[in-house]
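Summary of the model geometry
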Amino acid sequence: MSRFSPLNWPVVRQLRSGDPFGRDVNTQSQKSKDKHGRTVEADRVVQSVCPYCAVGCSQRVYVKDDRVIQVEGDPDSPISRGRLCPKGSASEQLINSATRLTKIKYRAPHSTEWQDLDEDTAMEMISDRFLEARRNGWQDVDDEGRALNRTMGIAGLGGATLDNEENYLIKKLFTAAGAIQLENQARI
């Protein structure tokens, strides 16, 4: 049969095959049949959690050649049942963005330039500043001599993207450090 034969038109094919509503394979072109999803090409699938809010929607991250090629909702998740909001669906763009920072940046006081820091140096700077602020704001007793054992030099602000367990551990850390000013973004 000629490629341009009227007998090869989709409407004629579906009527000839007894598929008047066009729900069978007769309505597909060869181009459509040859297409496949990009997730088929993935080397592996990694389980993840959406980074945007505290709902905790599960994601399937498809990786090919150590690069993320697709992010989809996980249908096995009891939380999201395979669905993602528009931001969660766009997670692949967040990961593969050309403008995404992949190094720790630091700008010294009164400087106009950013410099790259290695992870160990950055962690040392953060811990040193945390301990110094705790030490400088420490209060043993109040004006009447009552024991306080607290610091007013540090405070904690938890994020809504953290789950209950993470927020619980952060609360325990700051409480053990003597901080009393603890808040969470979800409450504000």
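Residues numbered from 1 in each chain as written. Predicted model: local features only at pLDDT ≥ 70, side-chain atom pairs only at ≥ 80, totals over all residues. Heavy atoms only, no water.

Topic: the side chain of Ser-58
Basically, it comes down to this: Strands are runs of DSSP state E lasting at least two residues, helices are runs of H or I lasting at least four, and both sets are numbered from the N terminus onward. The definition of a polar contact used here is a pair of N or O atoms within 3.5 Å, where within protein one atom must be able to donate a hydrogen and the other to accept one, and adjacent residues in sequence count solely through side-chain atom pairs. Only heavy atoms matter for contacts: two residues are in contact if any of them lie within 4.5 Å across the pair.
Along the chain, the position of Ser-58 falls in strand S2 (residues 58-64). Engagement of the side chain of Ser-58 in a polar contact is seen with the side chain of Ser-77, the distance being 3.4 Å. Ignoring any residue separated from it by four or fewer positions in sequence, one finds Ser-58 in contact with Ser-48, Glu-72, Gly-73, Asp-74, Ser-77, Ser-80 and Leu-84.

Remarks on the sheet that holds strand S1 (residues 44-49)
Rules: Criterion used throughout: strands pair if DSSP finds at least two bridges between them. Angular values range over 0 to 180 degrees, each being the angle between N-to-C directions of two axes fitted as lines to C-alpha atoms, with helices fitted over their stretch in contact.
Strand order in the open sheet formed by three strands is S1-S2-S3, and the pairing between neighbours is antiparallel. Sheet topology places S1 and strand S3 (67-73) at the edges, where each strand pairs with a single neighbour. Averaged over neighbouring strand pairs, the angle between their axes works out to 30 degrees when direction is ignored. Across six bridges, S1 lies against S2 in antiparallel orientation. Within S2, the residue paired with Val-46 across the bridge is Val-61.

Comments concerning the packing of aromatic side chains
Quick note on the threshold: Stacked, tilted and edge-to-face pairs are distinguished by plane angle, under 30 degrees for stacked and over 60 for edge-to-face with tilted covering the rest, among Phe, Tyr and Trp rings (Trp via its six-membered ring) whose centres lie within 6.5 Å.
One pass over the structure, following the stated rule, counts one aromatic pair. Ring geometry for Phe-130 and Phe-174: centres 5.9 Å apart, planes at 75 degrees, overall edge-to-face. Here the residue Phe-130 occupies a position in helix H5 (residues 119-136), and Phe-174 occupies one in helix H6 (residues 164-176), the gap between them amounting to 44 residues.

Some remarks on the domain arrangement of the chain
Cut-off, in case you're wondering: Domains are outlined according to an automatic or database domain assignment.
Under the domain assignment used here, the chain contains domain 1 (1-35), domain 2 (38-96) and domain 3 (118-187). The centre of domain 2, based on its C-alpha atoms, is set 33 Å off from the matching centre of domain 3.

Description of the state of the cysteines
Condition: Only a pair of cysteine sulfur atoms within 2.5 Å qualifies as a disulfide here. The buried label applies to any residue whose accessible area, calculated with a 1.4 Å probe on protein chains only, is under 20% of its type's maximum; exposed applies above 50%, and partly exposed to all values in between.
Tallied over the entire structure, the rule returns zero disulfides. Left unpaired, Cys-50 is separated from the closest cysteine sulfur, that of Cys-85, by 5.4 Å. A relative accessible area of 9% means that Cys-50 is categorised as buried.

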